[in-house]
Amino acid sequence: MIKHKVPTTPTNYALWYTYTTQQQPQLNLALDLGIEALGHCPPSLCESLYQEHLASKTDRDMAQLKQSLAAMMQELSHTMSDTFSATETFQEMLDKTFNQLERAEQDGLSLEATMKLVRNLLEESRQIQSSTGSFQGQLSQAQEEISTLRHALAQSQKEATEDALTGLFNRRAFDRDLLSYTQAKQPYSLILLDIDKFKEFNDAYGHLLGDQVLKVVAHRIRERCEGQAQCYRFGGEEFAIIYPNATHDDVRQLAETLRRMIEIISVLDKKTGQRVKSITASFGLATRNATEPYLAVVERADSFLNKAKQLGRNRVLPLN
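Keep in mind the model is a prediction, meaning the values are calculated, not measured. (Residues numbered from 1 in each chain as written. Predicted model: local features only at pLDDT ≥ 70, side-chain atom pairs only at ≥ 80, totals over all residues. Heavy atoms only, no water.)

A. Geometry of the sheet that holds strand β1 (residues 188-195). The sheet built from five strands is open, its strands ordered β2-β3-β1-β6-β7 with mixed pairing. What marks the edges here is a single partner per strand, and that holds for β2 (230-235) and β7 (316-317). Summarising the sheet, β1 and strand β3 (residues 238-244) pair through seven bridges and their orientation is antiparallel. For Ser189, the partnering residue across the bridge sits in β3 and is Tyr243. Along the sheet, helix α9 (residues 248-263) contacts β1, β3, β6 (281-287) and β7; its crossing angle with β6, the most-contacted strand, is approximately 170°. This element, helix α10 (residues 294-310), spans β1, β2, β3, β6 and β7 of the sheet and lies at about 145° to β6. (Pairing = 2+ DSSP bridges. Helix = DSSP H or I, 4+ residues; strand = E, 2+ residues; numbered from the N terminus. Contact = heavy atoms within 4.5 Å. Axes fitted to C-alpha atoms, helices over the stretch in contact; angles between N-to-C directions.)

B. Here's a closer look at helix α7 (residues 198-205). For α7, the full list of buried residues reads Phe198, Phe201 and Asn202. All buried residues of α7 project into a common sector of 100° when viewed along the axis, lining one side. In α7, the exposed residues that point more than 90 degrees away from the buried face are Lys199, Glu200, Asp203 and Ala204. Packed against the buried residues of α7 are β1, α8 (207-225), β4 (267-269) and β5 (274-276). Gly206 sits one or two residues past α7 and shows a positive phi near 100°. (Buried < 20%, exposed > 50% of the residue type's maximum accessible area, 1.4 Å probe, protein only. Arc of directions from axis to C-beta.)

C. Region of the structure containing unusual backbone geometry. Residue Pro318 is bonded to the preceding Leu317 through a cis peptide linkage, with omega at 5°. Looking at the secondary structure, you find Pro318 in the segment after β7. Not every positive phi belongs to a glycine, and Lys185 is a case in point at roughly 55°. Within the secondary structure, Lys185 is located in the loop between α6 (171-183) and β1. The phi dihedral of Lys197 is positive, around 50°, even though this residue is not glycine. Counting through the fold element by element, Lys197 comes out in the loop between β1 and α7.

Structure representation (structure tokens):
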């Protein structure tokens, strides 16, 4: 982990411990191939391999969590039922005691008989107090557990590195990976691509068809980049690709291939039954200089992307 500058997180420890013990040959092979292809071990590689090879334990933990929640709710339900039952019994006891007290006044019961009624009432009061107190305590404890769970789920969602719609790595993973490449002094090129006139497409055909386009484009990018580059949903209709150890000719060839793959995409508009084929994308490229901060690389690629759009879209810049 020190050699590859891998962050010391629990999931990374689990991944690399399994790697060193050689318990899962497929994991070792995938990790070796990933590092060989990328020349580096970015956070997203560790994350994806952990999810693929070791996440079953997490699944079991989640199942246990669900069982614990179910048990907690069942216990609360039983306690609530018992409390309601006790409350109903106490109400019956109150009615009965008050009736007896009224009769005591009318019939002239002895002081001893009257005090017995009062003692019974006090005993029942203590029991209902104990029952409701227990229920109140369980409710408070449940509220604390639910609050903790809500916080954990929110944190988990915040730390997620996969885009839910496209299945690509998300912007958070992109930022972490690009920083890790820069800190490791690993040469790389960056491709930013943006689907042309996507807002107009959404307005014309609807967001459901727009989402379908995003999924298809993401699939083409993942398919073409597999084994040589990492791809991300940068935001909205924009995607990013980190291409390590690539020359300008390499990265431009990849971008041109993707541009041609995207412009032949067609999706079915289920409302009209027609196929939509007017899908293109513009590309901006940048290769990191040795001492350049990673944000400067992003800005340069973004500048070329904007220029490609200004010059008519569906093109790759710079030319050389």
